Amino acid sequence: MSAPLGLLLLLGLPGLLGGRPRYEPTWGSLDARPLPAWFDEAKFGVFIHWGVFSVPSFGSEWFWWYWQKEKREPYVKFMEANYPPGFSYEDFGPMFTAEFFDPNQWADILQASGAKYVVLTSKHHEGFTLWGSKYSWNWNAVDVGPKRDLVAELATSVRNRTDLRFGLYHSLFEWFNPLFCEDATNVFKTRKFPTSKSLPELYEIVTKYQPEIVWSDGDGNAPDTYWNSTGFLAWLYNDSPVRDTVVTNDRWGLGSICKHGGFYTCSDRYNPGHLLPHKWENCMTIDRWSWGYRRNAKLDDYFTIEELVKQLVETVSCGGNLLMNIGPTHDGRIAVIFEERLRQMGAWLKVNGEAIYGTKPWRAQNDTVTPGVWYTFRPTEGKVNAIFLNWPISGALELGEPQAKLGETQVKLVGYKEPLKWIALGEKGMMIALPQLTLKQLPCQWGWTLQLTDVK
């Protein structure tokens, strides 16, 4: 071995051993890791918020906090009217029964939605784990309630029956865990909670279930140094069983959101409406007001399919992914309103998927002349997709952005065979004649795609 090469190996420079870079437990090093390509190509995923909060299924998945800590009046009154004095949140645990949970049925609904990944709440801020965690004694789905490993069952069904990638949400902090409360009192100078609970759980779920998304949340106002987030992520990217394909978000400690990690979430229901320089995700809920299931939700509380398609199109045009949330019931059902929305999205994507999956943002995100028109781009085929959300009454659609070339530019309505006629409007812009179709003849509902070839 020549001296220079030996020296390089001793220095452990990236790429020499096994051709794989090693990441240091610093944000500078971790943030330089390229995001695995599958995530940007996927565009659409389904979030599932399920836990003990699904038992009261009232108000919000933050039920315990609002009832016991903030003592909000609707929650206090709800408990007084419906449960005996002295009833504790822990008493809801055995009532989280999941008797109707059929992971194969869930997987089939997820596949029908057109989603390319799913993220399940393995543990929310209440601390209850949906797997039999060694670190959550008697407050997990194997010891209490369903007496089943819900994470394992869904992971198996998703992998056996679908082409979706399986991901897990995990809350770093727990509202009322005594160890966390003690550390918080000590202004996080002690680290009893992350070393004995939070970090061991993270290593456990990654090793056991090999999720390809680790969706972290809930920093409890503690910095990433308290959570040792960079140490965990270095292991995840270097040595874990999912090191090559795993993606992570940006919620790894106070101040890390929208700055560090894999893709950025920036806030819940984040939809900036313009192109961002970093890969991002819009995580939002079909129920406008809650991530968990609510028995008292009204029809108006749920987004319509038209509103959801709009969210997807706007998000993808601006370089983001949409993570659309459903909240199953305590007994393991996906409520029919959620199932309908998921299947409607799948029906729309069946027709318009090529304008969504694997696309890149175009030079313009939305049209300058006609509102409700959003663009995506397929670089390999050189196709620009103009997705329009309102069918014009006039039968003609004016686009202010594309530069068309006479004799070269072609316009096609996805799902319709004949090419469409168009005229150029000066140097920039074009008017497209849409076919006269009855409602039944339309290729789809809720939004349509024009495929433009040879435009600038």
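Residues numbered from 1 in each chain as written. Predicted model: local features only at pLDDT ≥ 70, side-chain atom pairs only at ≥ 80, totals over all residues. Heavy atoms only, no water.

The name an unreviewed UniProt entry assigns to the protein chain is Alpha-L-fucosidase, from the organism Aythya fuligula. The UniProt entry for the protein chain carries the following comment under Function (unreviewed entry): "Alpha-L-fucosidase is responsible for hydrolyzing the alpha-1,6-linked fucose joined to the reducing-end N-acetylglucosamine of the carbohydrate moieties of glycoproteins." (UniProt positions renumbered as here; feature names shortened; annotations may be inferred.)

Caption draft 1: The arrangement of the state of the cysteines in detail. Within the structure shown, the criterion is met by 1 disulfide. The disulfide that involves Cys-258 links it to Cys-266, with 2.0 Å between the sulfurs. Note on the Cys-258 and Cys-266 pair: the S-S dihedral is about 65°, so by sign convention the disulfide is right-handed. A relative accessible area of 15% means that Cys-266 is categorised as buried. The thiol of Cys-283 is not disulfide-bonded; the next cysteine sulfur, from Cys-266, is found 9.8 Å away. (Disulfide = S-S within 2.5 Å. Buried < 20%, exposed > 50% of the residue type's maximum accessible area, 1.4 Å probe, protein only.)

Caption draft 2: A look at the pattern of salt bridges. Going through the model one piece at a time under the given rule, you end up with 29 salt bridges. Put simply, Lys-197 and Glu-201 hold a salt bridge, and the shortest N to O gap is 2.3 Å. Of the two residues, Lys-197 and Glu-201 both sit in helix H9 (residues 192–209), 4 residues apart, roughly one turn of that helix. Each member of the pair, Lys-197 together with Glu-201, is buried. Salt-bridge contacts for Arg-378 lead to Glu-381; the nearest nitrogen and oxygen are separated by 3.1 Å. A relative accessible area of 16% means that Arg-378 is categorised as buried. Within this structure, Asp-40, Lys-43, Lys-279 and Lys-360 form a network of salt bridges that share partners. (Salt bridge = Lys/Arg side-chain N within 4 Å of Asp/Glu carboxyl O. Helix = DSSP H or I, 4+ residues; strand = E, 2+ residues; numbered from the N terminus.)

Caption draft 3: Main features of the environment of Asp-108. Within the secondary structure, Asp-108 sits in helix H6 (residues 103–112). Take Asp-108: its relative accessible area is 32%, and that puts it in the partly exposed class. Considering only alpha carbons, one finds Asp-108 and Ser-157, 49 residues apart in sequence, at a separation of 8.8 Å. Of the polar contacts made by the side chain of Asp-108, one reaches the side chain of Arg-161; its length is 2.9 Å. (Polar contact = N/O pair within 3.5 Å; in protein donor to acceptor, adjacent residues only side chain to side chain.)

Caption draft 4: The packing of H9 against helix H11 (residues 229–238), seen in detail. For the pair H9 and H11, the least separation of the axes is 11 Å and the interaxial angle reads 15°. It follows from the interaxial angle that H9 and H11 lie roughly parallel. Here H9 runs over H11; the crossing is right-handed. Across from Leu-199, Leu-202, Tyr-203, Val-206 and Thr-207 in H9, the residues of H11 making contact are Gly-231, Phe-232, Trp-235 and Leu-236. Looking at side-chain class alone, the contact of H9 with H11 contains 7 nonpolar, 2 polar and no charged residues. (Axes fitted to C-alpha atoms, helices over the stretch in contact; angles between N-to-C directions. Parallel < 35°, antiparallel > 145°, perpendicular 65-115°, else oblique. Left-handed = near helix turned anticlockwise from the far one by under 90°. Contact = heavy atoms within 4.5 Å. Nonpolar A, V, L, I, M, F, W, Y, C, P; charged D, E, K, R; others polar.)

Caption draft 5: Structural detail: the environment of Thr-315. Its location among the elements puts Thr-315 in helix H12 (residues 305–317). Look at Thr-315 and you get buried, because its relative accessible area is 0%. When the C-alpha positions of Thr-315 and Leu-275 are compared, they lie 9.1 Å apart, and in sequence the two are 40 residues distant. Discounting chain neighbours no more than four positions away, the residues touching Thr-315 are Asn-271, Trp-280, Asn-282, Gly-320, Asn-321 and Leu-322. Among the polar contacts listed, one links the side chain of Thr-315 to the side chain of Asn-282, at a separation of 3.1 Å.

Caption draft 6: Layout of the UniProt feature "domain: Glycoside hydrolase family 29 N-terminal" (unreviewed entry) in the protein chain. As annotated in UniProt, the feature "domain: Glycoside hydrolase family 29 N-terminal" (unreviewed entry) corresponds to residues 22–354 in the numbering used here. Across residues 22–354 one finds 36% helix and 12% strand; the C-alpha atoms that close the span lie 36 Å apart.

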